[in-house]
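Chain by chain, the residues run as shown.
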Amino acid sequence: MPLEPEDGAKALQLITSRYNAREWRTKIEKTLSLNPSGFKDDDQRKIFLYLKIGLQAYKSRRADPPSWIVGGYGTKEVIDRALFKPTVIDPEFTKEHVALLGKDPGEEVDSVWWDDMLVNWFEEPEEEGEDQDEEDSESIDDVEAASDGDESSDSSDAEKSKKATS
């Protein structure tokens, strides 16, 4: 289940405000390596993609695994560019869309919150899983019924061949 808009905003604020704190750099890099489908809100997804592409190191645009420029002037430049001209993210963006960037999300955003955010990023809704399990069990029943029919025809073929040889 993707992040709710409140949690998505906190994740974006975390990326854009705590990039100079050493204890958060690896977590920010991990977040940038995630799939953008973790955001439920389309505007937040666009901002995340902008940050992900803007902070990706040049070498990782080649065949190397992705690496990120987190911390220092390069990160600040990408964030400031979005704040100054929001249309670099999307032509329809205004200053209100990017107002949350660079602001600290607050004290409640800590390592425990970040771990919960990762769980929510990848968590699937239970309702869909239950429906899928029912479909899987129905298909298993269909396969078993078909195989039972095949076994009975195989045994009748064996009986016919025994009668023919006798």
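Notes on the structure in this doc start here. Bear in mind that the values here come from a model prediction, so they are computed numbers and not experimental data.

Things to note about the packing of aromatic side chains
Evaluation of the coordinates by the stated rule reveals three aromatic pairs. Arranged with centres 5.0 Å apart and planes meeting at 75°, the rings of Phe39 and Trp121 form a pair that is edge-to-face. One end of the pair, Phe39, is in the loop between α2 (22–32) and α3 (42–54); the other, Trp121, is in helix α5 (residues 111–122), and 82 residues separate them in sequence. Classification of Phe39 by relative accessible area gives buried; the value is 0%. Accessibility expressed as a relative area gives 5% for Trp121, which makes it buried. The structure contains a cluster of three or more aromatic residues connected by ring pairs, namely Phe39, Phe48 and Trp121. Looking at Lys27, its charged tip hangs above the ring of Trp24, at a distance of 5.3 Å from the centre.

Some words on the environment of Gly71
Relative to the helices and strands, Gly71 resides in the loop between α3 and α4 (73–84). Placed 43 residues apart in sequence, Gly71 and Ile28 show a C-alpha to C-alpha distance of 10.0 Å. If we skip the residues at most four places from it in the chain, Gly71 touches Tyr19, Asn20 and Arg25.

Let's talk about the packing of helix α1 (residues 5–17) against α3
In the contact formed by α1 and α3, the axes pass within 10 Å of each other and the chain directions differ by 20°. Looking at the two axes, α1 sits roughly parallel to α3. α1 and α3 meet at a crossing whose hand is left-handed. Along the contact surface, α1 presents Pro5, Gly8, Ala9, Leu12, Ile15 and Thr16, while α3 presents Gln44, Ile47, Phe48 and Leu51. Residue composition of the contact of α1 with α3, by class: seven nonpolar, three polar and no charged.

Definitions and limits used
Residues numbered from 1 in each chain as written. Predicted model: local features only at pLDDT ≥ 70, side-chain atom pairs only at ≥ 80, totals over all residues. Heavy atoms only, no water. Phe/Tyr/Trp six-rings, centres within 6.5 Å; stacked < 30°, edge-to-face > 60°. Helix = DSSP H or I, 4+ residues; strand = E, 2+ residues; numbered from the N terminus. Buried < 20%, exposed > 50% of the residue type's maximum accessible area, 1.4 Å probe, protein only. Lys NZ or Arg CZ within 6 Å of the ring centre and 35° of its normal. Contact = heavy atoms within 4.5 Å. Axes fitted to C-alpha atoms, helices over the stretch in contact; angles between N-to-C directions. Parallel < 35°, antiparallel > 145°, perpendicular 65-115°, else oblique. Left-handed = near helix turned anticlockwise from the far one by under 90°. Nonpolar A, V, L, I, M, F, W, Y, C, P; charged D, E, K, R; others polar.

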